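Residues per chain, in single letters:
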Amino acid sequence: MIKYKVRNINTLGDKEINLLYKELLNNKWQFMIINNNMSKYVLTKEKSMFKIDDEDIFVENTYNDVFYRTEIVNNSEVINKDDLNLFRRYIEKYRDRIERSLYGDKYLFGSIAVRTGKNEFITTIRGKENLNEYTIVKKVNTSKYIVYVSGKKATLNAPLLDTLFKNKDVKVIVHINHEYDDTLPYYEYAFPGTVRDSIRDNQGSFNIKYHGLFYLINNKGDIIKKEVDLNEVS
């Protein structure tokens, strides 16, 4: 069930946004619609904020979104040490860039994931307050919309990560919230954890508007970038 609130506010600066965002998190709303003079904005749980034209259409589209849910399975998983060490190395490599923003005074957004098997990967947990905790995604069922994990709930990005790992060249995925790379393509925003968000081109790294950067990295440690077909460039 989608929960959201509408707030009317005359001044919309950083201070006001921060207060509204804390209210959103404390009440566990999916998003907030902000009326500011003649404009309407959406503020989300990952502190994405963007302008909308029609509130009714936006809300209707949101209610039509299909969200994945989590089921916890065997909690005594044996982890490949090499993969776990690789996960930890990437945590340290990108720690400063992920930890530079603290959301709601305690939450860290962004994620690291490492492929461990055909359908499995290690990744960061949901609602994390530090980057050292991890969980294992055993499988993502794309017909029943279930994420199966061994451990704690995985990042909301888990269904998207699963799609990206279907590219066999991808070994590691790094997501940095609200950081962008203008050398990479931009895709439209969708709520994390939805079917709409999980359907992305997995052939190269990319940005999601108002959300952030997703690096796809191969076994050699190189960032994968999709080659541009010059015949498609006008």
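Scope of this entry: the structure provided in the associated data block. If you're wondering where the values come from, they're calculated on a predicted model, not measured in any experiment.

**Notes on the pattern of salt bridges**
For step 1, the next point in the chain: The full count for this structure, using the stated rule, is 15 salt bridges.
For step 2, the next point in the chain: When the shortest N-O distance is used, the salt bridge between E179 and R100 registers 3.1 Å. Linking E179 in the loop between strand 10 (172–177) and strand 11 (186–187) with R100 in the loop between helix 3 (81–99) and strand 6 (111–115), this pair joins segments that are 79 residues apart in sequence.
For step 3, the next point in the chain: A relative accessible area of 52% means that R100 is categorised as exposed.
For step 4, the next point in the chain: With a closest N to O distance of 2.7 Å, K166 and D162 form a salt bridge.

**Some details on unusual backbone geometry**
For step 1, the next point in the chain: Positioned with a positive phi, K28 is a non-glycine residue whose angle comes to about 55°.
For step 2, the next point in the chain: With respect to the helices and strands, the residue K28 is situated in the loop between helix 1 (14–27) and strand 2 (31–36).
For step 3, the next point in the chain: Despite not being glycine, H178 shows a phi value in the positive range, around 55°.
For step 4, the next point in the chain: Among the structural elements, H178 can be located in the loop between strand 10 and strand 11.
For step 5, the next point in the chain: Overall, the relative accessible area of 24% leaves H178 in the partly exposed class.

**A few points about the sheet that holds strand 12 (residues 206–208)**
Picture the strands of a sheet paired through backbone hydrogen bonds; they go either parallel or antiparallel.
For step 1, the next point in the chain: As summarised here, the arrangement of the nine strands in space is 5-9-8-7-6-10-13-12-11, forming an open sheet in which the pairing is mixed. For this open sheet the edge positions go to strand 5 (69–72) and strand 11, each flanked by a neighbour on one side alone.
For step 2, the next point in the chain: Sheet topology places strand 11 next to strand 12; two bridges connect them, and they run parallel. In the sheet register, Y186 faces strand 12, and the bridge partner there is N207.
For step 3, the next point in the chain: Packed on one face of the sheet, helix 4 (residues 158–165) meets strand 6, strand 7 (121–124), strand 8 (134–141), strand 9 (146–150), strand 10, strand 12 and strand 13 (212–217) and runs near 145° to strand 7.

**Observations regarding the nonpolar core**
Side chains of nonpolar character tend, in soluble globular proteins, to be buried together.
For step 1, the next point in the chain: By size, the foremost hydrophobic cluster in this structure holds 20 residues, and its most contacted members are V137, V147, L164, I173, F206 and F214.
For step 2, the next point in the chain: By size, the runner-up hydrophobic cluster in this structure holds 19 residues, among which are I91, I112, V114 and I176.

**A short note on helix 4**
For step 1, the next point in the chain: The element helix 4 is extensively covered by neighbouring structure, given that eight of its eight residues are classed as buried.
For step 2, the next point in the chain: Along helix 4, the residues that are buried comprise A158, P159, L160, L161, D162, T163, L164 and F165.

**What to know about the environment of E179**
For step 1, the next point in the chain: Look at E179 and you get buried, because its relative accessible area is 13%.
For step 2, the next point in the chain: Between the C-alpha atom of E179 and that of I57, which follows or precedes it by 122 residues, the distance is 28 Å.
For step 3, the next point in the chain: A polar contact of 3.1 Å, which involves the side chain of E179, links it to the side chain of R100.

**Considering helix 1**
For step 1, the next point in the chain: Counted at 1.5 Å a residue, the expected span for helix 1 with its 14 residues is 20 Å, and the 20 Å between its end C-alpha atoms agrees.
For step 2, the next point in the chain: When helix 1 is considered as a whole, its buried residues turn out to be I17, L20, Y21, L24 and L25. On an axial view of helix 1, the arc spanned by its buried residues comes to 140°, and they lie on one face. Opposite its buried face, helix 1 presents the exposed residues K15, L19 and N26, each directed more than 90 degrees away.
For step 3, the next point in the chain: For helix 1, the secondary structure elements touched by its buried residues are strand 1 (4–8), strand 2, strand 3 (39–44) and strand 4 (49–52).

**Some thoughts on the packing of aromatic side chains**
For step 1, the next point in the chain: Under the criterion given, the structure shown has 18 aromatic pairs.
For step 2, the next point in the chain: Between Y4 and F31 the ring centres are 4.8 Å apart and the planes differ by 10°, which places this aromatic pair in the stacked class. Of the two residues, Y4 sits in strand 1 while F31 sits in strand 2, which places them 27 residues apart along the sequence.
For step 3, the next point in the chain: By relative accessible area, which is 24% here, Y4 ends up partly exposed.
For step 4, the next point in the chain: The class for F31 is buried, based on a relative accessible area of 0%.
For step 5, the next point in the chain: Consider the rings of F31 and F58, whose centres lie 5.4 Å apart with planes at 90°: the pair is edge-to-face. With F31 in strand 2 and F58 in helix 2 (residues 55–64), the pair connects residues that are 27 residues apart, well separated along the chain. Of the two residues, F31 and F58, neither departs from the other in class, the shared state being buried.
For step 6, the next point in the chain: Cluster of aromatic residues (ring-pair linked, three or more members): Y4, F31, F50, F58, Y189, F191 and Y210.

What counts, and where the lines are drawn
- Residues numbered from 1 in each chain as written.
- Predicted model: local features only at pLDDT ≥ 70, side-chain atom pairs only at ≥ 80, totals over all residues.
- Heavy atoms only, no water.
- Salt bridge = Lys/Arg side-chain N within 4 Å of Asp/Glu carboxyl O.
- Helix = DSSP H or I, 4+ residues; strand = E, 2+ residues; numbered from the N terminus.
- Buried < 20%, exposed > 50% of the residue type's maximum accessible area, 1.4 Å probe, protein only.
- Pairing = 2+ DSSP bridges.
- Contact = heavy atoms within 4.5 Å.
- Axes fitted to C-alpha atoms, helices over the stretch in contact; angles between N-to-C directions.
- Core = buried A, V, L, I, M, F, W, Y, C linked by side-chain atoms within 4.5 Å.
- Polar contact = N/O pair within 3.5 Å; in protein donor to acceptor, adjacent residues only side chain to side chain.
- Expected span 1.5 Å × (residues − 1).
- Arc of directions from axis to C-beta.
- Phe/Tyr/Trp six-rings, centres within 6.5 Å; stacked < 30°, edge-to-face > 60°.

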